[in-house]
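Observations on chain architecture
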Amino acid sequence: MLINLSNHPSANWSTNQITAASKYGDVIDIPFPHIDPAFTTDEIAMLVEKYIHQIRKYEGVVTVHIMGEFTFCYLFINQCRPIGIPCIAATTNRLVQEDNGKKIVSFEFVQFRPFY
């Protein structure tokens, strides 16, 4: 099973990303939490604990696709490692077009990459 802990619902993923995700099994979306910039490290740690507890409720082999606020991700990934929950990130090509002086940015999925 792949838990998609991001603000990018799997319903909006490209065919290539959905195909790559299928090797992990079913995909379950869990929206990434809002991280207030004024949060303390302790508040982020409590939020991480809440999300890890939520993910541990799923049975079987679980991998977490995580993309979001850096300090939350760092702490989350480092707490998942010792309990055997692998975490991955999506890698993309950043495509930039200019139209009348405005930059239009899109991202093209390439692969999932594990955090080690």
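Residues numbered from 1 in each chain as written. Predicted model: local features only at pLDDT ≥ 70, side-chain atom pairs only at ≥ 80, totals over all residues. Heavy atoms only, no water.

Below, the discussion takes up the sheet that holds strand β4 (residues 87–99). If you trace the five strands from one edge of the open sheet to the other, you get β2-β1-β3-β4-β5, paired in mixed fashion. Bordering the open sheet on either side are β2 (27–31) and β5 (102–114), each of which pairs with just one other strand. For this sheet the average axis-to-axis angle between neighbouring strands, irrespective of direction, equals 25°. Where strand β3 (residues 63–66) meets β4, two bridges bridge the pair, whose relative direction is parallel. Bridged to H65 within β4 is I88. Relative to β2, helix α2 (residues 41–56) is tilted by about 160°, and along the sheet it contacts β1 (2–6), β2 and β3. (Pairing = 2+ DSSP bridges. Helix = DSSP H or I, 4+ residues; strand = E, 2+ residues; numbered from the N terminus. Axes fitted to C-alpha atoms, helices over the stretch in contact; angles between N-to-C directions. Contact = heavy atoms within 4.5 Å.)

Once that is clear, we can look at α2. Given a rise of 1.5 Å per residue, 16 residues ought to cover 22 Å, and the 22 Å separating the end C-alpha atoms of α2 matches this to within 8%. Burial in α2 covers these residues: I44, A45, L47, V48, Y51, I52 and I55. For α2, the buried positions fall inside an angular range of 160° around the axis, keeping them on one side. Exposed and oriented more than 90 degrees from the buried face of α2 are D42, M46, E49, K50 and H53. On the buried face of α2, the contacting elements are β1, β2, β3 and α3 (70–80). (Expected span 1.5 Å × (residues − 1). Buried < 20%, exposed > 50% of the residue type's maximum accessible area, 1.4 Å probe, protein only. Arc of directions from axis to C-beta.)

Here α3 has its buried residues at F72, C73, F76, I77 and C80. Buried residues of α3, seen end-on, are gathered within an arc of 120° and therefore sit on one face of the element. In α3, the exposed positions angled more than 90 degrees off the buried face are occupied by F70 and Y74.

Glancing now at the packing of α2 against α3. What describes two packed helices is the angle between their axes and the distance between those same axes. Taken N-terminus to C-terminus, the directions of α2 and α3 make an angle of 50°; their axes are 10 Å apart at the nearest point. With respect to their mutual orientation, α2 and α3 come out oblique. Note that α2 runs across α3; the crossing there is right-handed. Taking contact as the criterion, the partners of I44, A45, L47, V48, E49, Y51, I52 and I55 in α2 are, on α3, T71, F72, L75, F76, Q79 and C80. Within the contact of α2 with α3, the residues separate by chemical class into eleven nonpolar, two polar and one charged. (Parallel < 35°, antiparallel > 145°, perpendicular 65-115°, else oblique. Left-handed = near helix turned anticlockwise from the far one by under 90°. Nonpolar A, V, L, I, M, F, W, Y, C, P; charged D, E, K, R; others polar.)

Here we come to the environment of H53. Take H53: it is sitting in helix α2. It is 11 Å that separates the C-alpha atoms of H53 and F76, two residues lying 23 residues apart in sequence.

The next point concerns the packing of aromatic side chains. A full pass over the atoms with the stated rule returns six aromatic pairs. A ring pair is formed by Y51 and F72, whose centres lie 5.9 Å apart and whose planes are at 90°; its orientation type is edge-to-face. A residue pair is termed long-range when its members are at least 10 positions apart, and Y51 in helix α2 and F72 in helix α3 qualify at 21 residues. In terms of burial, Y51 and F72 fall into one category: buried. An aromatic cluster is present here, built from W13, Y24, F109 and F112 joined pairwise through their rings. (Phe/Tyr/Trp six-rings, centres within 6.5 Å; stacked < 30°, edge-to-face > 60°.)

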